[in-house]
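The chain contents come next:
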Amino acid sequence: MFRILFVQPCIPPNTGNAIRLAANTGCELHLVEPLGFEMTDAQVKRAGLDYHEMAHVTVHADLAAAWEALRPERVFAFTAHATRFFTDVDYRRGDVLMFGPEPTGLSDEMLADPHVTDQLRIPMLPDRRSHNLANSASLAVYEAWRQHGFDGAV
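So, here is what we can say about the structure in this document. (Residues numbered from 1 in each chain as written. Predicted model: local features only at pLDDT ≥ 70, side-chain atom pairs only at ≥ 80, totals over all residues. Heavy atoms only, no water.)

Okay, the overall build of the protein chain next. If you tally the helices and strands in the protein chain, you get five helices and seven strands. Ordered by position in the sequence, the α and β elements of the protein chain form the string β-α-β-α-β-α-β-β-β-α-β-α. Here the analysis covers contacts within the protein chain between residues at least 6 apart in sequence; of these, 77% occur between residues at least 24 apart. When the accessible area of the protein chain is evaluated, it comes to approximately 8,100 Å², of which 49% is carbon and sulfur surface. (Helix = DSSP H or I, 4+ residues; strand = E, 2+ residues; numbered from the N terminus. Contact = heavy atoms within 4.5 Å. Areas by Shrake-Rupley, 256 points an atom, 1.4 Å probe, with all protein chains shown as cover.)

Structure follows, in C-alpha cells:
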C-alpha cells in the first residue's frame with residue numbers, strides 16, 4: 001500500500017486520526033521526531049481509539065532515519081505552495097506521501113530534500129492557509145487508493 005510520512009507532527013488528534021486512517025486503508029504511518037506530544041498522549045489514543053493495534057506505525061528519530069528505513073522510490077511532498085495538484089499523479093504502491101508539521105508545513109529545506117520526487121497541493125479557495133493535517137493525508141491516501149480500484153476494500 002502507500003506510506004504516509006508526518007514530519008514533526010505537533011497536534012495529537014491529527015496523528016490519532018492518521019493512525020485510524022492507516023488502519024482503515026492498510027497504509028503505513030511513519031512519524032519523524034521530534035513529535036509535539038507523547039505517543040501515550042490521551043488525545044492521540046482518543047482519536048485513534050482502538051485502531052492502534054490495527055495500524056502499522058513507526059516513529060523515526062529524524063528524517064535521515066526515516067529515509068533509511070523507507071528507502072523510497074518516490075516521495076510526494078504536500079505543500080500549499082506547489083503548483084501541481086495531488087490528483088495529477090499516477091500513484092504507485094510504496095509511494096511516500098509526505099506532510100509537514102502543523103501549522104508551518106514542510107520547510108524549504110525539507111522540500112528541497114533529494115528524496116522528494118515532486119511537490120503537490122490540494123486545491124482550496126484563495127486566501128486560506130491550509131487544510132487540517134489528518135484531512136490532507138486522508139484526501140491524498142484515498143485518491144491514491146481510488147486509482148488502484150480500492151484494492152482489498154469491502
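In this structure, Ile4, Phe6, Leu29, Phe78, Tyr91, Leu97 and Phe99 are the most contacted members of the largest nonpolar core, which totals 30 residues. Elements with a contribution of two residues or more to this core: strand 1 (3–7), helix 1 (12–25), strand 2 (28–32), strand 4 (75–78), strand 6 (96–99) and helix 5 (133–147). Considering every element that reaches this core, the biggest residue donor is helix 5, with six residues. Look past the residues within four positions of Phe6 in its chain and what remains in contact with it is Asn14, Thr15, Ala18, Leu29, His30, Leu31, Val32, Phe99, Leu133 and Ala137. If you look at the next biggest cluster of nonpolar residues, it comprises 15 residues, including Leu63, Val96, Met98 and Val116. (Core = buried A, V, L, I, M, F, W, Y, C linked by side-chain atoms within 4.5 Å. Buried < 20%, exposed > 50% of the residue type's maximum accessible area, 1.4 Å probe, protein only.)

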